[in-house]
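Descriptive structure summary
Next come the chains, spelled out residue by residue.
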Protein chains: 2
Amino acid sequence: MNALKDLTFLKTSQISTDPEILKDYGKDWTRYYTPNPIAVLFPQTTKEVQEIIFWARKNKIALVPSGGRTGLSGGAVAQNGEVVISLSKMNQILKFDELNLSISCQAGVITEALQDFATQNGYHFPVDFAARGSSQIGGNIATNVGGLNVIHYGLMRDWVLSLTVVTGQGEILNLNNGLIKNNTGYDLRQLFIGSEGTLGIITEATLKITPPPQKASIVILGLQDYMHIQNIFVQFRRHLTLFAFEMFTDKALDYVLKSHTHLKPPFQKNYPYYILAEVETANEHEEQELLAVYEDCFQSGFILDGVISQSQQQAEDFWKYRDFISESLSPMTPYKNDISVKISDIPNFIREIDIVLKKEYPHYEVVWFGHIGDGNLHINILKPPSLRTQEFVISCQRVDEILFSTIQKFQGSISAEHGVGLSKKPFLHFTKSKQEIQIMKEIKKVFDPDNILNPGKIFD
Amino acid sequence: MNALKDLTFLKTSQISTDPEILKDYGKDWTRYYTPNPIAVLFPQTTKEVQEIIFWARKNKIALVPSGGRTGLSGGAVAQNGEVVISLSKMNQILKFDELNLSISCQAGVITEALQDFATQNGYHFPVDFAARGSSQIGGNIATNVGGLNVIHYGLMRDWVLSLTVVTGQGEILNLNNGLIKNNTGYDLRQLFIGSEGTLGIITEATLKITPPPQKASIVILGLQDYMHIQNIFVQFRRHLTLFAFEMFTDKALDYVLKSHTHLKPPFQKNYPYYILAEVETANEHEEQELLAVYEDCFQSGFILDGVISQSQQQAEDFWKYRDFISESLSPMTPYKNDISVKISDIPNFIREIDIVLKKEYPHYEVVWFGHIGDGNLHINILKPPSLRTQEFVISCQRVDEILFSTIQKFQGSISAEHGVGLSKKPFLHFTKSKQEIQIMKEIKKVFDPDNILNPGKIFD
């Protein structure tokens, strides 16, 4: 491609057209799409990102911003001859600032590296999720990641103090300069959080940090009736400091225990629903509060069985029931959806979806689990062994329509954590109104008039 | 005005052209501007707000959205023959939702009414500030209010779960539907927070609530050197749960004690700087932690004197030293600025401003106080008794230039809490770049192509 010759401001080592590199950098964790970029660029400074954008505008080249490519909606996929712009060489941590309780870094820093750096300095970066080892900070911001501790610490959005971005026009914006209070017009920083690389390329960020969490205990509860989940949740949240409140079903636990035979079941008996709660127990007072709430839930008949971790090791072991679910389901080729509804709507939503799925797909096994404390459910439909993958996926797309129509009825979200990208694009209208989608398109034009930044992602 | 006759969808009681009403609804707490609206409208439903916007578009009439009009930057001022659209008749609390930890209400609900309602239901709405008795929820959102507990609870932005707005095009948008997790494109809700009525009119909101705070103690500290404020802050924040961390000078305390003679000074001696910290002391463990940190600061020489409240009554009394400052300065016709810099920049910033002010305005007394725990300083320049108000204000505008240039150097904010409105509009470029201001203008056009919503506020 001739235009590549104009990239004279980059070293040759910053430009790759190696087929293996192209294949690797053209896809994310969705795996459904065939990667097909024409080049991968590795800028090292914000200025180089700006030059690349000027170059792309001039040559009408589509750019796909690329972080750790751990996304699950195809947001970082390059399948149409785009040029991938990888932030992976912009991976420096720039500043630890105890007074401002912040860390500044380049966008290509790996999540876990930032977490470790915060810990080494006596603080804590609390946004945490399974892809921590390869996801990058810029990508986390561009998808507004959630993860395991949203109930206590919120989303990535809540931890972004400032951003440096290069817009689709090639303008470098320094948004918010690390201030806590700054009411001077529209907070453009917020637009970039969750914009999936369609408005600008995030090159640097200043992130908030927090003192490290104190000692916590893990509670596993066994329930007969999911209608009680809400009662338990209200009690726990009202009286305790909750870091996580997760739900999984007997089916989910079955798969975990079958594939991890060294794990013992939490209870002698099985229950249809399980809760895993992580609760601060920093002192005797909090320990007693936990016991009191636990007793109360037991007396009220909300829970039939329960156990509280007695050591750090046991706490870690208890987490495995929840952590291992995805991996244990993986051999069953699960068709995954990551959705959310209001917490109050969860029981009716589960009931309604269950009825529909049992009627339409009596042979499909459905496994539910999720961050139920923030309304986020992961619905996994398992492939019957008799069905070929291709057939299964096609029939699941019909499941999508049913699922998303029900989500729309409940005013829920078709993508709680994973973003829209390519894979949820056809379904965006189930969560966003026609007017909102139109406004988003016009905002996109303000920042990226030539549509060179991740075109075809979120909307067409 | 003829167009008023077309407002047939409103009852006559919903339209006022009474000169007293016009005067009242045309101004906010700035008092500098001469109110001059041609009518005030009182819609009762979102649909009526929409009809008014259609009417205004058709007749090319400028609308000024109006909450409690407690703003301090002229954001709700109508001085150019606009029509004021008051939300005060949309003052219903719609729903308390314990499971989703939220309250839904119309935009005209008074802040204090919402706080009380949350408390009556056993929860807490923590956004709190002096104007609580007359400010309205919609206005709080439109200015992204901060207030007394930002250090612990964040800004209004952090408490807005969803919004119903009518855009300048007359479209009704339901933004986010009360979901905690919803990564489906740009979060338009965030744009409306802090938009000062320039993009759309907020008609309803769902706000987060939280369990009530536990017992807290108030600590007053006396310091010789403001350089130690940061050391104390780091110690307090690291080991304690902090609800407030406020600073004031001896001058500020002097004015409070002179005008409230029943108040006793906190210490036998005077100190140039005082800290007021509100610290959770819910149990013995926390009480001891507070004592330990206090002792540590004392041993390190950071503080020279200190006192910890021993009762609820004493805690309330201690707050008065801080609460009464504004009111005590009021007779001196203070010229106020509400600015922020990074916490780490505070000492250098104060020093630099102090030097400049002493040089340029040796006869002006300058009183500093503020929410120092979030970088927010209130700078009050007192009018020398010999100077006439008019002269004083004019010469203070030259102070603004010096102040804002210094803020720009420190990459701070010319308006930490109060918004831009009319009074900070000429200075916006000290905090926002030319490119950012241009992008804001283009975003405004997307939502309000006819420029009927609060024209001339934030930017021209």
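Residues numbered from 1 in each chain as written. Chains lettered and ligands numbered in written order. Predicted model: local features only at pLDDT ≥ 70, side-chain atom pairs only at ≥ 80, totals over all residues. Heavy atoms only, no water.

**Focus: the overall build of chain A**
Short version of the rule: For helices the rule is a DSSP run of H or I covering at least 4 residues; for strands it is a run of E covering at least 2, with both sets numbered from the N terminus onward. Radius of gyration: C-alpha atoms only; globule rule: 2.2 Å multiplied by the number of residues to the exponent 0.38. Exposed residues in this analysis have more than 50% of their type's maximum accessible area, buried residues have under 20%, and partly exposed residues fall in between, with area computed by a 1.4 Å probe over protein chains only. Contact definition: two residues touch when any of their heavy atoms are within 4.5 Å.
Tallying secondary structure elements over chain A gives 14 helices and 16 strands in all. Relative to the compact-globule value of 23 Å for 460 residues, chain A shows a C-alpha radius of gyration of 23 Å, a close match. With respect to the three principal axes, the spread of C-alpha positions in chain A is 70 × 55 × 45 Å. Expressed as a percentage of its 460 residues, the buried residues of chain A come to 62%. A separation threshold of at least 6 residues defines the contact pool for chain A, and within that pool the share at least 24 residues apart is 73%.

**So, the relation of the copies chain B and chain A**
To keep it simple, the criterion reads: Here the copies were fitted onto each other by least squares, based on C-alpha atoms from residues at pLDDT of at least 70 in both.
Once turned by 180° and shifted 0.0 Å along the axis, chain B lies on chain A with an RMSD of 0.0 Å. The superposition operator between the copies reduces to a two-fold rotation axis. Taken together, the interface assignments show that 100% of the residues at the interface of chain B recur at the interface of chain A, consistent with an identical surface on both copies.

**Focus on the environment of threonine 281 of chain B**
All names here are of chain B. Position of threonine 281 among the secondary structure elements: in the loop between strand 12 (273-280) and helix 9 (284-299). For threonine 281, a relative accessible area of 1% puts it in the buried group. Separated by 41 residues in sequence, threonine 281 and leucine 240 have C-alpha atoms that sit 8.9 Å apart. Contacts of threonine 281, omitting those with residues within four sequence positions, involve Lys215, Ala216, Ser217, Glu286, Glu287 and Leu290.

**A word on the confidence of the model for chain A**
For the record, the criterion: By definition, pLDDT measures how confident the predictor is in each residue, and it falls between 0 and 100.
When pLDDT is averaged across chain A, the result is 95; 100% of the residues are at 70 or more. Across the interfaces of the predicted complex, the ipTM metric reaches 0.95, alongside a pTM of 0.96.

**Let's talk about the packing of aromatic side chains**
To describe a pair of aromatic rings, one takes the distance between the centres and the angle between the planes. What counts here: Any pair of Phe, Tyr and Trp rings, taking the six-membered ring for Trp, is counted once the centres come within 6.5 Å. Such a pair is stacked with planes under 30 degrees apart, edge-to-face with planes over 60 apart, and tilted for the rest. Only when the NZ of Lys or the CZ of Arg is both within 6 Å of the ring centre and within 35 degrees of the ring normal is a charge said to sit over the ring.
Using the criterion set out here, one finds 46 aromatic pairs over all chains in the structure. For the pair tyrosine 25 of chain A and phenylalanine 42 of chain A, a centre-to-centre distance of 5.3 Å together with 90° between the ring planes defines the contact as edge-to-face. Separated by 17 residues along the polypeptide, tyrosine 25 of chain A in helix 1 (residues 19-25) and phenylalanine 42 of chain A in the loop between strand 2 (39-41) and helix 2 (46-59) bring together distant segments of the chain. Like phenylalanine 42 of chain A, tyrosine 25 of chain A is buried. Ring geometry for phenylalanine 248 of chain B against tyrosine 274 of chain B: centres 5.5 Å apart, planes inclined by 20°, an arrangement best described as stacked. Taken together, the positions of phenylalanine 248 of chain B in strand 11 (residues 242-249) and tyrosine 274 of chain B in strand 12 put the pair 26 residues apart, joining distant regions of the chain. Neither phenylalanine 248 of chain B nor tyrosine 274 of chain B differs from the other in exposure class; each is buried. Of the aromatic side chains, those joined through ring pairs into one cluster are Phe248, Phe267, Tyr271 and Tyr274 of chain A. Cation over ring: lysine 89 of chain A sits above phenylalanine 42 of chain A, and NZ or CZ is 5.3 Å from the ring centre.

**Here we look at the interface of chain B and chain A**
Formally: Buried area: the accessible surface (1.4 Å probe) lost by two parts on joining, summed over both. Think of a salt bridge as a Lys or Arg side-chain nitrogen and an Asp or Glu carboxyl oxygen that are within 4 Å of each other.
Contacts between chain B and chain A engage 81 residues on the former and 81 residues on the latter. Buried area between chain B and chain A, summed over both chains or domains, comes out near 6,700 Å², and the portion from carbon and sulfur atoms is 57%. Contact with chain A buries surface across chain B, with Lys181, Asn183 and Tyr186 of chain B losing the most and accounting together for 16% of the total. Along the contact surface separating chain B from chain A lie six salt bridges. Aspartate 374 of chain A is the partner of lysine 181 of chain B in a salt bridge, and the nearest nitrogen-oxygen pair spans 3.5 Å. Those elements giving two or more residues to the side of chain B that touches chain A turn out to be strand 8 (172-175), helix 6 (188-192), helix 7 (227-239) and helix 14 (434-447) of chain B. With nine residues, helix 14 of chain B is the largest single contributor of residues to the side of chain B that touches chain A.

**Side note on the nonpolar core**
How we decide: Here, nonpolar core means buried Ala, Val, Leu, Ile, Met, Phe, Trp, Tyr and Cys residues that are tied together by side-chain atoms lying within 4.5 Å of each other.
Phe236 of chain A together with Phe236 of chain B are the most contacted members of the largest nonpolar core, which totals 240 residues. Contact partners of phenylalanine 236 of chain A, with chain neighbours within four places excluded, come to Leu221, Leu242, Phe245, Ala277, Val279, Leu290, Val293 and Cys297 of chain A.

**A closer look at the sheet that holds strand 9 (residues 200-208) of chain B**
Residues and elements named next belong to chain B. How we decide: Between any two strands, at least two bridges found by DSSP are needed for them to pair. Whenever a helix is involved, its axis is fitted only over the stretch in contact; in every case the axis is a line through C-alpha atoms, and angles between N-to-C directions fall within 0 to 180 degrees.
If you walk across this open sheet you meet the five strands as 5-6-9-7-8, and the pairing is antiparallel. Strands at the two margins of the open sheet, each flanked by one partner only, are strand 5 (93-97) and strand 8. Strand-to-strand twist in this sheet, taken as the mean axis angle between neighbours without regard to direction, amounts to 15°. Note that strand 7 (residues 160-167) and strand 9 share seven bridges and pair antiparallel. What sits directly across from valine 166, in strand 9, is isoleucine 201.

**Re the side chain of glutamate 286 of chain B**
All names here are of chain B. Worth spelling out the cut-off: His is not counted here, nor are the chain ends, while Lys and Arg score as positive and Asp and Glu score as negative.
Structurally, the position occupied by glutamate 286 is in helix 9. Despite its burial, glutamate 286 pairs with no opposite charge, the nearest such side chain being lysine 215 at 8.5 Å. If we skip the residues at most four places from it in the chain, glutamate 286 touches Thr241, Glu280 and Thr281.

**Overview of the packing of helix 7 (residues 227-239) of chain A against helix 9 (residues 284-299) of chain A**
Residues and elements named next belong to chain A. Convention followed: Should an angle fall under 35 degrees it is called roughly parallel, over 145 degrees roughly antiparallel, and 65 to 115 degrees roughly perpendicular, with every other angle called oblique. Two helices crossing with the near one rotated counterclockwise from the far one by less than a right angle form a left-handed crossing, whereas a clockwise rotation gives a right-handed crossing. We call Asp, Glu, Lys and Arg charged. Ala, Val, Leu, Ile, Met, Phe, Trp, Tyr, Cys and Pro are nonpolar, and the rest, Gly among them, are polar.
Between helix 7 and helix 9, the shortest axis-to-axis distance is 10 Å and the interhelical angle comes to 160°. By the angle class used here, helix 7 and helix 9 are roughly antiparallel. Taken as a pair, helix 7 and helix 9 cross one another with a handedness that is right-handed. Facing helix 7, whose interface residues are Ile232, Gln235, Phe236 and His239, helix 9 presents Glu289, Leu290, Val293, Asp296 and Cys297. For the contact of helix 7 with helix 9, a count of residues per class yields five nonpolar, two polar and two charged.

**Considerations on the sheet that holds strand 10 (residues 216-223) of chain A**
Residue and element names in this part refer to chain A. Here we have seven strands laid out as an open sheet, ordered 13-10-12-11-15-16-14, and antiparallel in their pairing. Since the sheet does not close on itself, it has two edges, and those belong to strand 13 (305-308) and strand 14 (335-340), each with one partner. Neighbour-to-neighbour, the strand axes of the sheet open up by a mean angle of 15°, direction not taken into account. In terms of strand pairing, strand 14 meets strand 16 (residues 376-382) through six bridges, oriented antiparallel. Among the inter-strand pairings, asparagine 337 is bridged to a residue of strand 16, identified as isoleucine 379. The sheet strands contacting helix 12 (residues 346-360) are strand 11 (242-249), strand 14, strand 15 (365-371) and strand 16, and the helix crosses strand 15 at an angle near 160°. Packed onto the sheet, helix 13 (residues 389-409) meets strand 14 and strand 16 and runs at close to 10° relative to strand 14.

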